[in-house]
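Fold and geometry: a report
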Amino acid sequence: MSDDKSDAVSRREFMMRTAGFGAAGLTADLGLWSIAAAEQADHRLLETIDCTQDFPVERFFSNGPTQVVQSSIGSYREADGKSLARFGYRFTIENIGKPHAVVIRFPDDKRRFMCIMDGTTYDLTTSAFTNWAQPLSGKMLELRQVFWPRWKDCSLVFMNWGEGEPSAVAQIEIWELGDRLPALDIPGDSNDGACRELGIQYEDPCGTGDAEGATNHEEWVERIVEYARHSGQGLLIYPLAWYHGPLFPAKEEPSGAMDVVAMPDRKLYLRWTTEPEDWYARLLERFDREGLAFQGAMTLMRLGSLMAQMNIDGDKIKAGADTINNISWNGTVQGSTGDWTPLYNVRNFNRIAELLKTQSVVEPYGGALSEYEYGEDPGQKSQMGPIFNPLHPIVQKAILDFVKDIGERYSKYSSFRGISFNMFASCMPWYGSIHFGYDDLSITLFEQETGITVPVDTNLPDRFSKRYEYLCYVCRPAWVAWRCRKIRELFGRIHSTLASCRSDLRVTVTLWDETTVPGTLGAGSASQQIYARPSMRELYRDGGIDVDLYGDKPGLEIDMGMGNSRDRGGHGRYSASGVNTPLEAGSMYRDFDFLDGEMLRSIHAHDHPGAFIFNCWVEAWGKHVWFLPEPDDKNIPIVANMDGKKAERLLRVNSEYPEDGFWWDSQSRIVPGFPAGDHFMEPYAHAVAEVDACRITRGGLFLDRAHTESLQRFARAYRALPRQKFKTVGDTTDPVALRTLVLDNRRYFYLINRDYYPVAVEVIFNRTPEDLRDLANNSPLAATDFRPLKLGPYELRSFAFSNDAEISSFTITPPAAIVKHLKAEAQHVLDAMARVRALNRWISGMDRMESEIRAALETRRYAWLRRAVNSYIGRKCREVAAENVGK
């Protein structure tokens, strides 16, 4: 790029867009960067791809026909509407390893689910879905993805996920961003734990070698640090233990680590070891220097010491033998988790490697192994639930010893904040559902501690199922309450054990709806919808976690999980049905995230409520195979190096698909689903407005780098707020919540718009506040700036002043057109409900929803109303009414 005036303007415009301003805002207050910095920044536009033009096969491919659409918002190329249809472009960069950005302009004009990827790794993987629960903007949107290229010859692929959800792109720009992403200035937070936390969370640790342009932990940590500081996300929650135990060299428990790595020739490898190096120590040392925070996550389903002690001999247990395994409602001994996780022990990978001595390829997910390590059942005949009884002394000791090991190992690092338990249905330490916990030990404890006798002969071989019948029919409230108290005692001991290593360390219990609900209740039917089944609070109580028993002890906290992007597909019979998905299979998660008042009120009552937004992903595996590398493979010496130690084994891996013109053999098609445009911030706004969240993390499979400017704006306002509970002002938080806190002779307050449309807010003070400041940039304000103040879509603003002035009142004025539309939609739903009744039909929860919709209209709760009219009940009533017109 030359240095003439036009190029300077291009750089300036790019920086403005990156900072969250359009080109029309060049004279506005940048907030994040100055105009001078934008002009001086070392950003280069490498290439612009006009997607409405034709390209040769060396630059463009498509699986299925594409067409150029001329529309009122601009022209764009659109894929065929079939699921998994795709097209892509090839481009080159100059400097491997430097930060780059791809800027994608696409239409927000109809329902779409566009998976974006480089086709081989996670380096460029992101997505955008539109419509359904997200109102269309009718505009051309931009998505800007930061990436560190690992090769000069690059590709960018756009793939449909569901039927009738076509990918569409107008233009692509490729930018080089200089040597390093600049760190975002957060004026109000030193990240010492006093302010609210915004962070990145991983569930899966397998992608460090094929994401962020990294091939090893050292490179991965470098990019995580760089992007975390750039985006304003000061907390990383990353697995210390995964499905089969520790990923570090634990004292007592068998360890194991693995990852997939992509090499410059695009070959993919799986490597693993049973003796991992402690690369977490190096990460924490770096985080100490950078002022970042780390919390170790544990999706803790197994510990090797417990697996070695399993007794799953049903006959012996029926005869009175002890077992640390769970006993289910029907007397089955839980010998496995009943989910997808048994394979992921690296010792099982050793077994697969042995198979490859006699066969060319193995399909690991196709039942390749007849036996798993420790005798776990590879057939997954067990129902989904924890293997081990959380009340057994042996189980509790193993958990506590493991926690102690973690605390002693990492408490010396100031960046280490504690541990987090991801509570899937099959995880320790809880029951997962009402269907587990009928063993002899647990029943004896229950009788001793409650004085309730379970009148079932202890010698009967079918005593377990009879206990279930009695306890769940006769005295279920007592049984559920006792279990919840025992699990709360266990978590209390876990926290005390960790805090004995450093008093400020915390334990977070992350309630993971997206795995727990289908694992215990199933998914995709009318029976799983809002008001048809128990609230999330009751569902978790059945599994042993009563949210109301937590939240008032410092250091033991709950994070509410939100996985509502799962409603757009990825699991079950209708995984990629798109527009053909029945309402029952495309609803549920969102309704419970936004409308489950019982759960939301319980979380809001906590002293330090938290929220975890899960980036649910969709997967198209093709034919997935593992095979041996060629003997002369030049990558082996590099791939075999795992943090300075040689991997025990490594294999080539690949997913095979029908040829469609794509340029590379190595492929992967796994993509998280993100709502497009402003709607990406909806769950953040909901968490703040609804529960006053003191900590928000988001993630899943890898680092999201496609929503930088939205996160930056939110981070500066959010992280300036004290990590304490605020008091709600007024009698409504819909569509705007105003909360305030007096601390250290300053009054803090924030305003959060929980919806997608701008809202005018007028704040009245009882007298003139002194030193009134916008905390996002520490700029001075006047009281008149709030008469009115305009909040943008899902926008958070935070403020403080120093005298004893108070907020007398505030008024909210949403756009008249929005109010008119929502009232009309609500009336449409109410009319449909009347029609359903006239047909002698009844949709479960319809009466309650009708009452609540009428109340929301009366109290002008328009944000709640939008979610209600688009809920399963609202849509189903309209569907039934429309199908029976004239009857």
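Residues numbered from 1 in each chain as written. Predicted model: local features only at pLDDT ≥ 70, side-chain atom pairs only at ≥ 80, totals over all residues. Heavy atoms only, no water.

**Digging into the overall build of the protein**
Tallying secondary structure elements over the protein gives 22 helices and 38 strands in all. Its C-alpha radius of gyration of 27 Å places the protein within 12% of the 29 Å reference for a compact globule of 887 residues. Along the longest, intermediate and shortest principal axes, the C-alpha atoms of the protein span 85 × 75 × 65 Å. Out of the 887 residues in the protein, the part that is buried amounts to 62%. Pairs at least 24 residues apart make up 80% of the contacts formed inside the protein by residues separated by at least 6 positions. Summed over all atoms, the accessible surface of the protein reaches about 32000 Å², with 49% contributed by carbon and sulfur. Of the side chains in the protein, 102 bear a positive and 121 a negative charge, and the two mean positions are spaced by 2 Å. (Helix = DSSP H or I, 4+ residues; strand = E, 2+ residues; numbered from the N terminus. Rg over C-alpha atoms; globule rule 2.2 N^0.38 Å. Buried < 20%, exposed > 50% of the residue type's maximum accessible area, 1.4 Å probe, protein only. Contact = heavy atoms within 4.5 Å. Areas by Shrake-Rupley, 256 points an atom, 1.4 Å probe, with all protein chains shown as cover. Lys, Arg positive; Asp, Glu negative; His and termini not counted. Charge placed at Lys NZ, Arg CZ, Asp CG, Glu CD.)

**Looking at the pattern of salt bridges**
Opposite charge on two side chains permits them to pair, given that their charged atoms come into close proximity. Applying the stated criterion across every chain, the model contains 76 salt bridges. For Glu165, the salt bridge goes to Arg111, with nearest N and O atoms at 2.7 Å. On the criterion of sequence distance, the pair formed by Glu165 in the loop between strand S10 (153-160) and strand S11 (168-169) and Arg111 in the loop between strand S6 (100-107) and strand S7 (112-117) is long-range, its members being 54 residues apart. Residues Glu165 and Arg111 agree in their burial class; the two are buried. Between Glu682 and Arg590 there is a salt bridge, with its nearest N and O atoms 2.7 Å apart. One end of the pair, Glu682, is in helix H17 (residues 682-691); the other, Arg590, is in helix H14 (residues 589-595), and 92 residues separate them in sequence. Under the relative-accessibility criterion, Glu682 is labelled buried at 2%. Salt bridges sharing partners connect three or more residues here, namely Glu197, Arg417, Arg506, Glu557, Asp559, Arg695 and Arg723. (Salt bridge = Lys/Arg side-chain N within 4 Å of Asp/Glu carboxyl O.)

**Observations regarding the packing of aromatic side chains**
Scanning the model with the defined rule gives 60 aromatic pairs in all. Taken together, Tyr202, Trp220, Tyr238, Phe248, Trp279, Tyr280, Phe287, Phe294, Phe402, Tyr410 and Phe416 form an aromatic cluster joined through their ring pairs. Geometry around Phe592 places Arg533 over its ring, the cationic atom sitting 3.6 Å from the centre. Above the plane of the ring of Phe594 lies Arg590, whose end atom (NZ or CZ) is 4.5 Å from the centre. (Phe/Tyr/Trp six-rings, centres within 6.5 Å; stacked < 30°, edge-to-face > 60°. Lys NZ or Arg CZ within 6 Å of the ring centre and 35° of its normal.)

**Topic: unusual backbone geometry**
In this model, Asp734 is joined to Pro735 through a cis peptide bond whose omega is 0°. Position of Pro735 relative to the elements: it lies in the loop between strand S30 (727-728) and strand S31 (736-743). Looking along the chain, the bond that leaves Arg787 and enters Pro788 is cis, with omega of -10°. In the Ramachandran plot, Glu212 falls in the positive-phi region, its phi being about 55° despite a non-glycine side chain. Checked against the element boundaries, Glu212 lands in the loop between strand S13 (197-201) and helix H3 (217-231). The buried category is assigned to Glu212, whose relative accessible area is 1%. Look at Asp771: it is not a glycine, yet its phi comes out positive at around 50°. Note that Asp771 resides in the loop between strand S33 (759-765) and strand S34 (773-774).

**A short note on a negative patch on the surface**
On the surface, a cluster of negative charge is made up of Glu363, Glu656, Glu659 and Asp665. You can see Glu363 is positioned in the loop between helix H7 (346-355) and helix H8 (393-410). (Patch = residues over 30% accessible without salt bridge, like charges linked within 9 Å, V, L, I, M, F, W, Y side chains within 5 Å.)

**Here's the deal with the environment of Leu235**
Of note, Leu235 is situated in strand S14 (residues 235-242). For Leu235, a relative accessible area of 2% gives the class buried. Distance in space between the C-alpha atoms of Leu235 and Gly492 is 24 Å, their sequence separation being 257 residues. What Leu235 contacts, discounting residues up to four positions off in sequence, is Glu197, Leu198, Gly199, Ile200, Ala293, Phe294, Gln295, Arg506, Arg695 and Thr697.

**Some thoughts on the packing of H8 against helix H11 (residues 476-499)**
Think of two packed helices as two axes; the pair is described by the angle between the axes and how far apart they sit. Between H8 and H11, whose axes approach to 8 Å, the crossing angle comes to 30°. Judged by the angle between their axes, H8 and H11 are roughly parallel. The interaxial crossing formed by H8 with H11 has right-handed handedness. Here Gln396, Ile399, Leu400, Val403, Lys404 and Gly407 of H8 come into contact with H11, specifically with Leu490, Arg493, Ile494, Thr497 and Leu498. Class assignment for the residues of the contact of H8 with H11 results in six nonpolar, three polar and two charged. (Axes fitted to C-alpha atoms, helices over the stretch in contact; angles between N-to-C directions. Parallel < 35°, antiparallel > 145°, perpendicular 65-115°, else oblique. Left-handed = near helix turned anticlockwise from the far one by under 90°. Nonpolar A, V, L, I, M, F, W, Y, C, P; charged D, E, K, R; others polar.)

**A word on the confidence of the model for the protein**
Of all residues in the protein, 95% attain a pLDDT of 70 or more, and the chain-wide mean is 93. The low-confidence segment residues 1-40, where pLDDT is below 50, has 61 contacts with residues more than four positions distant or belonging to other chains. (pLDDT = per-residue confidence, 0-100.)

**Considerations on the side chain of Arg533**
In this fold, Arg533 is placed in the loop between helix H12 (513-520) and helix H13 (536-543). No salt bridge is formed by the buried Arg533, whose closest oppositely charged neighbour, Asp596, lies at an N-O distance of 6.0 Å. If near-sequence neighbours (up to four positions away) are discounted, Arg533 is found in contact with Val517, Leu521, Ser527, Gln528, Leu539, Met588 and Phe592.

**Focus: helix H20 (residues 846-859)**
Compared with an ideal rise of 1.5 Å per residue, which puts 14 residues at 20 Å, H20 spans 20 Å between its outermost C-alpha atoms and is within 8% of the ideal. All of the buried residues in H20 are Met846, Met849, Glu850, Ile853 and Ala856. Projected down its long axis, H20 carries its buried residues within an arc of 125°, all on one side. Turning to H20, the residues buried within the fold contact H14, helix H19 (816-838), helix H21 (862-869) and helix H22 (872-883). The first or second residue beyond H20 is Arg860, which carries a positive phi of 60°. (Expected span 1.5 Å × (residues − 1). Arc of directions from axis to C-beta.)

**Comments concerning the packing of H12 against H13**
In the contact formed by H12 and H13, the axes pass within 12 Å of each other and the chain directions differ by 70°. Put simply, H12 runs roughly perpendicular to H13. Facing Asp513, Thr516, Val517 and Thr520 of H12, the residues of H13 in contact are Met536, Leu539 and Tyr540. Its residues assigned to classes, the contact of H12 with H13 shows four nonpolar, two polar and one charged.

**Some words on the sheet that holds S33**
Strands sit in the order S36-S33-S38 across an open sheet of three strands; the sheet is antiparallel. The open sheet has two free edges, formed respectively by strand S36 (789-791) and strand S38 (807-813), since each of these has just one partner strand. Strand-to-strand twist across the sheet, computed as the mean angle between neighbouring axes with direction ignored, equals 30°. (Pairing = 2+ DSSP bridges.)

**Quick look at helix H10 (residues 463-473)**
Listing the buried residues of H10 in full gives Arg463, Phe464, Ser465, Arg467, Tyr468, Leu471 and Cys472. Buried residues along H10 sit against helix H6 (314-318), helix H9 (440-450) and H11.

**Let's talk about the sheet that holds S34**
Taken in spatial order, the six strands line up as S30-S31-S32-S37-S34-S35 in an open sheet, and their pairing is antiparallel. Two strands bound the open sheet, and with one partner strand each, they are S30 and strand S35 (779-780). Relative to strand S32 (residues 746-753), S31 runs antiparallel, the two sharing eight bridges. Along S32, the bridge assignment pairs Ala737 with Ile752.

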